[in-house]
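# An overview of the molecular structure
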Amino acid sequence: MAGYKPVAIQTYPILGEKITQDTLYWNNYKTPVQIKEFGAVSKVDFSPQPPYNYAVTASSRIHIYGRYSQEPIKTFSRFKYTAYCATFRQDGRLLVAGSEDGGVQLFDISGRAPLRQFEGHTKAVHTVDFTADKYHVVSGADDYTVKLWDIPNSKEILTFKEHSDYVRCGCASKLNPDLFITGSYDHTVKMFDARTNTSVLSVEHGQPVESVLLFPSGGLLVSAGGRYVKVWDMLKGGQLLVSLKNHHKTVTCLCLSSSGQRLLSGSLDRKVKVYSTTSYKVVHSFDYAASILSLALAHEDETIVVGMTNGILSVKHRKSEAKKESIPRRRRPVYRTFIKGKNYMKQRDDILINRPAKKHLELYDRDLKHFRISKALDRVLDPTCTIKTPEITVSIIKELNRRGVLANALAGRDEKEISHVLNFLIRHLSQPRFAPVLINAAEIIIDIYLPVIGQSPVVDKKFLLLQGLVEKEIDYQRELLETLGMMDMLFATMRRKEGTSVLEHTSDGFPENKKIES
């Protein structure tokens, strides 16, 4: 007599997000810490040096936060009007800020009063940055000008007036102290050289430019404005490499990961998109509660900070990887060690006979083997099984239906037992991967227990809910079949039109078959 064959547990594909290395990497953050600021967070910038503090610009204050602190460790509030931007110097010791009154102020992190004040802009300053030599500051303002300042002498060196609208973003090259880039609401991104009096390169973004980013190598430039993120090749004279349109609203900020292999963009649609810098495809996405204005990443991507329009600062820290110390397990000598000795080597004529491993049946398989069908169904309807591995429950229901004993297994149940069945059906009936099996089981339950409806309020409520779900699912599948039929008819009509032929009479009176191309 043949042995019992265990039930094959069918694996169902789970519809949803694919698990990739980027998904695992960017999901490895703790629950975000939310900090309330005094106004919309217009700029966030991390210090390049340890301990990697970050500056938050909101309203008329600039707060310096420790990497893991929820309260500011220092506050700069010497502003008459709103402060719009603040950037750390490469050594992390100085901070430059721009404000609404057109002023540019330089602060020492260890002090509170400004070290230098640069006055020359007549309107709000929205972008400031240090050049690569650390001794100059570049700024852009709403007066359409871009200025270069000398820190030791507190004097203006150069002024560029090539933009025809507000200058709202900019950055300096990390390699060349004479090069810096600005973006404006006149839809252009310009590269300036301090050794000349004019711009050396200009590209047309096509939308008001909200943010610009220069790769560390200096060969690629990224601009953001409107719904577009565009990548330009600076070595080819500003040639457009790729134009990305993955946001539904205006893109407001850009950021590059520590490795330079991922590009992040934040938008007013409350999403942060992560792009691969090789294929420029979206590899991950973050959702937030409000529109995003600023975005920054810490060293080694350990912390991601997002500033929003409602004044909330969202801070996510990477989870620490706890290494489990593996305890070496002592292996016991095998049986042949006692027989032949520890140093015995296999000879040429020796034959090794392996004993086949004994297969142990699962508990539900044991019940099915002995025809205990109700007990087998009870085992897989246990909450621990239905929540963690619902595919096992569905496979057993399918096997019972194949044997023709599903109605017998479902009949004769009390209030508690039938509640477990109804809970499972209500939870998983609407899932496409389980629907074909569970709809049949639901119909059997309705046929069995419909005559005794009204004896238990709890079961009655779930029973009516299940009945409504079954009817809704059947109507939904009927609509899908009708739609599929209409699509088949359209495709058949298109194929018929492509090969339509008619009869036409020639001059000699004989009909000729001609094919009409649609």
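The structure displayed is predicted, hence computed values, not measured ones.

What counts as what
- Residues numbered from 1 in each chain as written.
- Predicted model: local features only at pLDDT ≥ 70, side-chain atom pairs only at ≥ 80, totals over all residues.
- Heavy atoms only, no water.
- Helix = DSSP H or I, 4+ residues; strand = E, 2+ residues; numbered from the N terminus.
- Buried < 20%, exposed > 50% of the residue type's maximum accessible area, 1.4 Å probe, protein only.
- Areas by Shrake-Rupley, 256 points an atom, 1.4 Å probe, with all protein chains shown as cover.
- Salt bridge = Lys/Arg side-chain N within 4 Å of Asp/Glu carboxyl O.
- Contact = heavy atoms within 4.5 Å.
- Phe/Tyr/Trp six-rings, centres within 6.5 Å; stacked < 30°, edge-to-face > 60°.
- Pairing = 2+ DSSP bridges.
- Axes fitted to C-alpha atoms, helices over the stretch in contact; angles between N-to-C directions.
- Parallel < 35°, antiparallel > 145°, perpendicular 65-115°, else oblique.
- Left-handed = near helix turned anticlockwise from the far one by under 90°.
- Nonpolar A, V, L, I, M, F, W, Y, C, P; charged D, E, K, R; others polar.

## Observations regarding the overall build of the protein chain
- A count of helical and extended segments in the protein chain gives 10 helices and 30 strands.
- For the protein chain, the proportion of its 518 residues judged to be buried stands at 43%.
- As displayed, the protein chain has an accessible area near 30,300 Å², and 52% of this comes from carbon and sulfur atoms.

## Things to note about the pattern of salt bridges
- One pass over the structure, following the stated rule, counts 13 salt bridges.
- Asp-287 is paired through a salt bridge with Lys-271; the nearest N and O atoms lie 2.6 Å apart. In this pair, Asp-287 sits in strand 25 (residues 282–287) while Lys-271 sits in strand 24 (residues 271–276), placing the two residues 16 residues apart along the sequence.
- Put simply, Arg-372 and Asp-367 hold a salt bridge, and the shortest N to O gap is 3.0 Å.
- A single salt-bridge network, built from bridges that share partners, covers Asp-178, Asp-193 and Arg-195.

## Remarks on the side chain of Lys-74
- Note that Lys-74 resides in strand 5 (residues 72–76).
- Setting aside residues up to four positions removed in sequence, Lys-74 forms contacts with Ile-62, His-63, Ile-64, Ile-109, Ser-110, Gly-111 and Arg-112.

## Focus on the packing of aromatic side chains
- Per the stated rule, a full pass over the model turns up 12 aromatic pairs.
- Where Phe-76 meets Phe-107, the ring centres are 4.7 Å apart and the plane angle is 40 degrees; that geometry is what we call tilted. On the criterion of sequence distance, the pair formed by Phe-76 in strand 5 and Phe-107 in strand 8 (residues 103–108) is long-range, its members being 31 residues apart. The pair formed by Phe-76 and Phe-107 is uniform in burial state, with each residue classed as buried.
- Taking 5.9 Å as the distance between ring centres and 65 degrees as the angle between the ring planes, the aromatic pair formed by Phe-160 and Phe-180 counts as edge-to-face. Highlighted residues: Phe-160 in strand 13 (residues 155–160) and Phe-180 in strand 15 (residues 179–184), separated in sequence by 20 residues.
- The exposure class assigned to Phe-160 is buried, which follows from its relative accessible area of 2%.

## Let's talk about the sheet that holds strand 21 (residues 239–244)
- Strand order in the open sheet formed by 4 strands is 18-19-20-21, with antiparallel pairing between adjacent strands. Two strands lie at the open edges of the sheet, namely strand 18 (211–214) and strand 21, each paired on one side alone. Neighbour-to-neighbour, the strand axes of this sheet turn through a mean angle of 20 degrees, independent of strand direction.
- In terms of strand pairing, strand 19 (residues 220–225) meets strand 20 (residues 228–233) through 6 bridges, oriented antiparallel. Paired with Leu-221 across the bridge in strand 20 is Trp-232.

## Considering the packing of helix 6 (residues 390–403) against helix 9 (residues 435–449)
- Where helix 6 contacts helix 9, the axes come no closer than 10 Å and their chain directions differ by 60 degrees. As summarised for this structure, helix 6 and helix 9 are arranged oblique, according to the angle between their axes. The two elements helix 6 and helix 9 cross, and the hand of that crossing is left-handed. Here Val-394, Ile-397, Lys-398 and Asn-401 of helix 6 come into contact with helix 9, specifically with Val-437, Leu-438, Asn-440 and Ala-441.
- Looking at the contact of helix 6 with helix 9, its residues break down into 5 nonpolar, 2 polar and 1 charged.

## Topic: the environment of Gln-70
- Mapped onto the elements, Gln-70 comes out in the loop between strand 4 (61–65) and strand 5.
- The contact partners of Gln-70, leaving out residues within four places of it in the chain, are Val-33, Ile-35 and Tyr-65.

## Let's talk about the side chain of Ser-47
- Structurally, Ser-47 can be placed in the loop between strand 2 (41–46) and strand 3 (54–58).
- Classification of Ser-47 by relative accessible area gives buried; the value is 8%.

## What about the pairing of strand 28 (residues 312–317)?
- Of all the 6 residues making up strand 28, 6 are buried; the element is thus mostly covered by neighbouring parts of the structure.
- Here strand 28 shows no split at all, with Ile-312, Ser-314 and Lys-316 on one side and Leu-313, Val-315 and His-317 on the other all buried.
- Two strands pair when backbone bridges link them, and strand 1 (residues 33–36) and strand 28 are joined in this way by 4 bridges, in the antiparallel orientation. Along strand 28, the bridge assignment pairs Ile-35 with Leu-313.
- Here strand 27 (residues 303–308) runs beside strand 28; their pairing, made up of 5 bridges, is antiparallel.

## Focus on the pairing of strand 22 (residues 251–256)
- Here strand 22 lies mainly inside the structure; 6 of its 6 residues are buried.
- Across 5 bridges, the pairing between strand 22 and strand 23 (residues 262–267) is antiparallel. Within the sheet, the bridge partner assigned to Cys-255 lies in strand 23 and is Leu-264.
- As consecutive antiparallel partners, strand 22 and strand 23 are separated by 5 residues, and within that stretch Gly-260 has a phi angle of approximately 80 degrees, a positive value.

## Some points on the sheet that holds strand 10 (residues 125–130)
- The 4 strands are arranged 10-11-12-13 in an open sheet whose pairing can be described as antiparallel. Taken across any chain shown, the strands that pair with only one partner, and hence form the sheet edges, are strand 10 and strand 13. Taken over all neighbouring pairs, the strand axes of this sheet differ in orientation by 20 degrees on average, direction set aside.
- Pairing between strand 12 (residues 146–150) and strand 13: 5 bridges, direction antiparallel. Each bridged residue has a counterpart across the sheet, and for Asp-150 the counterpart in strand 13 is Lys-155.

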